[in-house]
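Residues per chain, in single letters:
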Amino acid sequence: MTTAVTQENIMITKDSAARSVTTDKWTLRYYEAGQGNPLVLLHGSGPGATGWSNFSTNIGHLAQHFRVLAVDMPGWGESDAATVDQLDHVDAAIGFLDALGIAKAAFVGNSMGGQTAIRLAITHPDRITHLVTMGSPIGPHPMLFAPADGPSEGLKVLIEAYRDPSAENMRRLVEIMCFDKKRWATTELAQARSDAALGRPEHLRNYVDGLPQGAPLPIWADTSKLRDIAVPTMAIHGRDDRVVPFETSLAMFAQIPDSRLVLLNHCGHWAMIEHPDEFNRLVTDFVANA
């Protein structure tokens, strides 16, 4: 897609924001805009997901206040392919910071990216200033309100889209990710997601092959250490999330001392896409003032 976003009077396009960096283990694609304190955006795990596809409606606004870095994690987008035995998202994120000479940053993560940011806050507290999650799983824990008999409805659709990333399956995926299906589940978006996924077939293959070993998150945060997270934390969750139930953010809110919870009605798994203006205001104010 040729989406463009505005940073004040500067037009930011996918091509103009694209950068690459080589860490000690990976060559990673990322998208950069703005100046000031670094703000790292971590995407979710869906087929065709990238830093740009997840956050293109947020980068322009956030870049007016921060140095925004939306990275494609290993195994996604234009970054190196990764098999499940190579996946350590926190290690990749720390390598990313090191390669760019960044001592610490605020981390904003959707779904899989949120779990990465949570684990990073526990294991590397000196590298993170603020923690923001959207629709993030927190790891194995007793489910009070959601079904506990396997993957959620949304995750089942996501996995099927990895196995067969057709435009039809991508449309089903977008429909289950969002509350407002008429607005978001368009033919154009479904085709764009399908094209993006099919452009890197090795990512699809590695994900499916790695499912029995825990892909895309073979390493989870230790939930017994949520109380040890000391950085200011904000959990944003859609009331209508059919991928990760909002009770996970309730559990985070109950255990992380310096935390706040924002629960959005008429919102699915993609708060930053369905409610970009509110999301941008929340993140900007929180990271600037908390």
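Residues numbered from 1 in each chain as written. Predicted model: local features only at pLDDT ≥ 70, side-chain atom pairs only at ≥ 80, totals over all residues. Heavy atoms only, no water.

**Focus on the overall build of the chain**
Threshold: Helix and strand definitions here come from DSSP, where helices need a minimum of 4 consecutive H or I residues and strands a minimum of 2 consecutive E residues; each element is numbered from the N-terminal end. C-alpha atoms define the radius of gyration in this analysis, and the globule rule sets the expected value at 2.2 Å times the number of residues to the power 0.38. Relative accessibility under 20% of the residue-type maximum defines a buried residue, over 50% an exposed one, and the middle range a partly exposed one, all with a 1.4 Å probe and only protein chains included. Note on areas: Shrake-Rupley, 1.4 Å probe, and residue coverage restricted to the protein chains presented here. Neither His nor the chain ends contribute to the count of charged residues, in which Lys and Arg are positive and Asp and Glu negative. The atom standing in for a charge is NZ when the residue is Lys, CZ when it is Arg, CG when it is Asp and CD when it is Glu.
A tally of helices and strands in the chain yields 13 helices and 10 strands. Computed over C-alpha atoms, the radius of gyration of the chain comes to 17 Å, within 12% of the 19 Å expected from 2.2 N^0.38 for 290 residues, which places it in the range of a compact globule. Seen along its three principal axes, the alpha-carbon backbone of the chain occupies a region of about 45 × 45 × 40 Å. Across the 290 residues of the chain, 55% fall into the buried class. Total accessible area computed for the chain in this model is approximately 12300 Å², and 50% of it derives from carbon and sulfur atoms. Treating the 24 positive side-chain charges of the chain as one cloud and the 33 negative ones as another, the clouds have centres 1 Å apart.

**Some details on the side chain of serine 136**
For clarity, the cut-off: Contacts were defined at the residue level, with two residues in contact if any of their heavy atoms lie within 4.5 Å.
Relative to the helices and strands, serine 136 is located in the loop between strand S8 (128–134) and helix H6 (153–163). With a relative accessible area of 0%, serine 136 lands in the buried category. If sequence neighbours within four positions are ignored, serine 136 has contacts with Ser111, Gly114, Gln115, Ile118, His237, Val244 and Thr248.

**Comments concerning the pattern of salt bridges**
Where charged atoms from two side chains of opposite charge approach closely, those side chains can pair. Rule in force here: Should a side-chain nitrogen of Lys or Arg be within 4 Å of a carboxyl oxygen of Asp or Glu, the pair is scored as a salt bridge.
Throughout the structure, instances matching the rule amount to 9 salt bridges. With a shortest N-O distance of 2.7 Å, glutamate 153 and arginine 242 are connected by a salt bridge. Of the two residues, glutamate 153 is situated in helix H6 and arginine 242 in the loop between strand S9 (233–238) and helix H11 (247–255); the sequence distance between them amounts to 89 residues. For arginine 242, a relative accessible area of 33% corresponds to the partly exposed category. If you follow the salt bridges from partner to partner, you end up with Glu78, Arg200 and Glu202 in one network.

**Quick look at unusual backbone geometry**
A cis amide bond, omega 5°, links alanine 215 with the succeeding residue proline 216. Counting through the fold element by element, proline 216 comes out in the loop between helix H10 (201–210) and S9. Even without glycine at this site, serine 111 takes up a positive phi of about 55°. The class of serine 111 is buried, set by a relative accessible area of 10%.

**Examining the sheet that holds S8**
Where we set the bar: Two strands qualify as a pair provided DSSP detects at least 2 bridges between them. Each axis is a line fitted through C-alpha atoms, taken for helices only over the stretch in contact, and angles between the N-to-C directions span 0 to 180 degrees.
Taking strand neighbours across the sheet as the criterion, the 8 strands line up as S3-S4-S6-S5-S7-S8-S9-S10 in an open arrangement whose pairing is mixed. Two strands lie at the open edges of the sheet, namely strand S3 (18–22) and strand S10 (259–264), each paired on one side alone. Geometrically, the sheet is characterised by an average inter-axis angle of 20° between neighbouring strands, direction not taken into account. Pairing between strand S4 (residues 27–33) and strand S6 (residues 67–71): 4 bridges, direction antiparallel.

**With respect to the layout of surface pockets**
Formally: Using a grid of 1 Å spacing that covers the protein atoms alone, one calls a set of points a cavity when a 1.4 Å probe fits there but cannot get out, and a pocket when the set is open and has protein on both sides within 12 Å along at least five of seven lines; lining residues are those with an atom within 4 Å of a point. Grid points are joined across faces, edges and corners, and a volume is the space filled by probe spheres set on the points. Charged means Asp, Glu, Lys or Arg here, nonpolar means Ala, Val, Leu, Ile, Met, Phe, Trp, Tyr, Cys or Pro, and polar covers whatever is left, Gly included.
Of the voids in this model, the largest pocket is the one considered here, and its volume is about 1100 Å³. Pro151, Ser152, Leu155, Val243 and Val244 are, among the 48 residues lining the largest pocket, the residues nearest its centre. Elements with a minimum of two residues in the lining of the largest pocket: H6, helix H7 (167–177) and H11. Residue contributions to the lining of the largest pocket peak at 5 residues, all from H6. Class assignment for the residues of the lining of the largest pocket results in 27 nonpolar, 13 polar and 8 charged.

**Examining the side chain of serine 79**
You can see serine 79 is positioned in the loop between S6 and helix H4 (89–99). Apart from residues lying up to four places away in sequence, serine 79 is in contact with Thr27, Leu28, Arg29, Asp72, Met73, Pro74, Arg200 and His203.

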